[in-house]
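One letter stands for each residue in the lines below.
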Amino acid sequence: MINQRMILLVGSPRQKGTSFSFARTIKILAEEQGFQVELEFVYPYYEGIKPFSDIQALISVCNTVGMVMPMYIDTLPAPVIWFMEEITRTMKKQLAGKKLFAVAQCGFPDVYLLQPSLESCRLFARSNGMVWLGGVGYGGGAIIDGRFLENLGRKGGNIIKAFRMMVEDIAEGHIIHRRVQQILTVKIPRFLYGFIAAYLNHRIRKVAVKFGVTLNGSVDK
C-alpha cells in the first residue's frame, strides 16, 4: 500500500490508562500496515502546556485521524469537545477529505452507552467534510486499567484481533466492518451487572477521596 500518515488523538487525562493502551496497540498494528503514526494526548493542548499550533501541524500532514477516548458522564470528555470545536474553527478547510475513525471505551459493560460519543465523532466528521470510517466501543475498560493488551491473555488477544481487523479496513479506506464491534462487545450475564456497578462505584469513590472530594460532594482543600 502507499505509505500513509495517521495521527491518534488520545482523549484521556491518564497518560497510562486504558485509552492509551488501546491507542498504543492501534499504533503498532497501523505501523505494520505501512502507516507512519503519531500519538498525541489532547489534554496538554487543552491545558495550554503545548501550543495548539503543534497539533495543527501534525494533523495537516496526516490523511487519517483516529480518536481514542473514554466516556465521561455519558459523553465525550470536555477537553475532547473543546478540541473538536477549536480544530473545526481553525482547520475546517484542511480537514476536508481526511479520514476519521473513533474508538470509545467506558467502565460499564453495556457498550451501547458509548453510542452518543461515537455519534458525536461522526457528526464532527460530517461537519468538516471528512470521510467517516466508523467507530467502535469497548465496555469494561476499567477492568483493563491501562495494562498492555498483549499481557491480558485471551481477553487481550481478542481485542488485538478486533483492532487488527479494524486497521486493515482503515488501510483499505473501508468502513470498519461490524464484525469488529461484535468481537469487542463483552458478553456479561445481566445478573452480574449489579456486582460490577458496585465495584466501579467503589473505584470511583476511592479516586474521588484521593483528589479531596468528600462524600457530600464538597472538595476538601
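The structure displayed is predicted, hence computed values, not measured ones.

A word on helix α1 (residues 18-32)
An ideal rise of 1.5 Å per residue puts 21 Å on 15 residues; α1 measures up with 21 Å between its terminal C-alpha atoms. The buried fraction of α1 is high, at 11 of 15 residues. Of the residues trailing α1, G34 is marked for its positive phi of about 100 degrees.

Focus: the packing of helix α4 (residues 78-95) against helix α5 (residues 115-127)
Relative to each other, α4 and α5 sit at 40 degrees, their axes nearing to 10 Å. In this view, α4 runs oblique relative to α5, as classed from their interaxial angle. Contacts between α4 and α5 involve M84, I87, T88, K92 and L95 from the former and C121, F124 and S127 from the latter. Tallied by class, the residues present in the contact of α4 with α5 amount to five nonpolar, two polar and one charged.

Some remarks on the sheet that holds strand β4 (residues 99-106)
The strands making up a sheet associate through backbone hydrogen bonding, with each pair oriented either parallel or antiparallel. Pairing is parallel across the open sheet formed by five strands, whose spatial order is β2-β1-β3-β4-β5. In this open sheet, the two edge strands, each paired with only one partner strand, are β2 (35-41) and β5 (131-139). With strand direction ignored, the average angle separating the axes of adjacent strands in the sheet is 15 degrees. Alignment of strand β3 (residues 64-70) against β4, held across seven bridges, turns out to be parallel. Note on β4: the bridge partner recorded for V68 is V103. Across the sheet, helix α3 (residues 52-60) touches β1 (4-10) and β2, and the angle it forms with β1 is around 145 degrees.

Concerning the pairing of β5
Pairing geometry for β4 and β5, over eight bridges, is parallel. Residue V103 lies in a different strand from β5, and its bridge partner there is V136. Tracing the backbone out of β4, into α5 and back to the parallel element β5 gives a crossover that is right-handed.

Observations regarding the packing of aromatic side chains
By the definition in use, this model includes seven aromatic pairs. Ring centres of F22 and Y138 lie 5.6 Å apart, and the angle between their planes is 85 degrees; on these two criteria the pair is classed as edge-to-face. Of the two residues, F22 is situated in helix α1 and Y138 in strand β5; the sequence distance between them amounts to 116 residues. Judged on exposure class, the residue F22 and its partner Y138 are both buried. Taking the centre distance of 5.5 Å and the plane angle of 75 degrees together, the rings of F52 and W82 count as edge-to-face. Residue F52 is found in helix α3, and its partner W82 is found in helix α4; the two are separated by 30 residues along the sequence. With relative accessibility at 16%, the residue F52 sits in the buried group. Among the residues examined, W82 registers a relative accessible area of 22% and is labelled partly exposed. Above the ring of F148, the side-chain terminus of R24 is found at 3.7 Å from the ring centroid.

What to know about the environment of V131
Along the polypeptide, V131 turns up in strand β5. Take V131: its relative accessible area is 38%, and that puts it in the partly exposed class. Expressed as a C-alpha distance, the spacing of V131 and L95, which sit 36 residues apart in the sequence, is 9.5 Å. Not counting residues within four places of it along the chain, the set of residues in contact with V131 comprises G97, K98, K99 and L100.

Overview of the nonpolar core
With 33 residues, the main nonpolar core has F22, I26, F101, V103, F163 and M166 as its most contacted residues. Counting residues per element, the ones that place at least two in this core are β1, α1, β2, β4, β5, α7 (153-171) and α8 (178-184). Counting 31 residues, the second largest nonpolar core, distinct from the first, contains L9, M71, L100 and M130.

Cut-offs and rules
Residues numbered from 1 in each chain as written. Predicted model: local features only at pLDDT ≥ 70, side-chain atom pairs only at ≥ 80, totals over all residues. Heavy atoms only, no water. Helix = DSSP H or I, 4+ residues; strand = E, 2+ residues; numbered from the N terminus. Expected span 1.5 Å × (residues − 1). Buried < 20%, exposed > 50% of the residue type's maximum accessible area, 1.4 Å probe, protein only. Axes fitted to C-alpha atoms, helices over the stretch in contact; angles between N-to-C directions. Parallel < 35°, antiparallel > 145°, perpendicular 65-115°, else oblique. Contact = heavy atoms within 4.5 Å. Nonpolar A, V, L, I, M, F, W, Y, C, P; charged D, E, K, R; others polar. Pairing = 2+ DSSP bridges. Right-handed = clockwise from strand over helix to strand, strands pointing away. Phe/Tyr/Trp six-rings, centres within 6.5 Å; stacked < 30°, edge-to-face > 60°. Lys NZ or Arg CZ within 6 Å of the ring centre and 35° of its normal. Core = buried A, V, L, I, M, F, W, Y, C linked by side-chain atoms within 4.5 Å.

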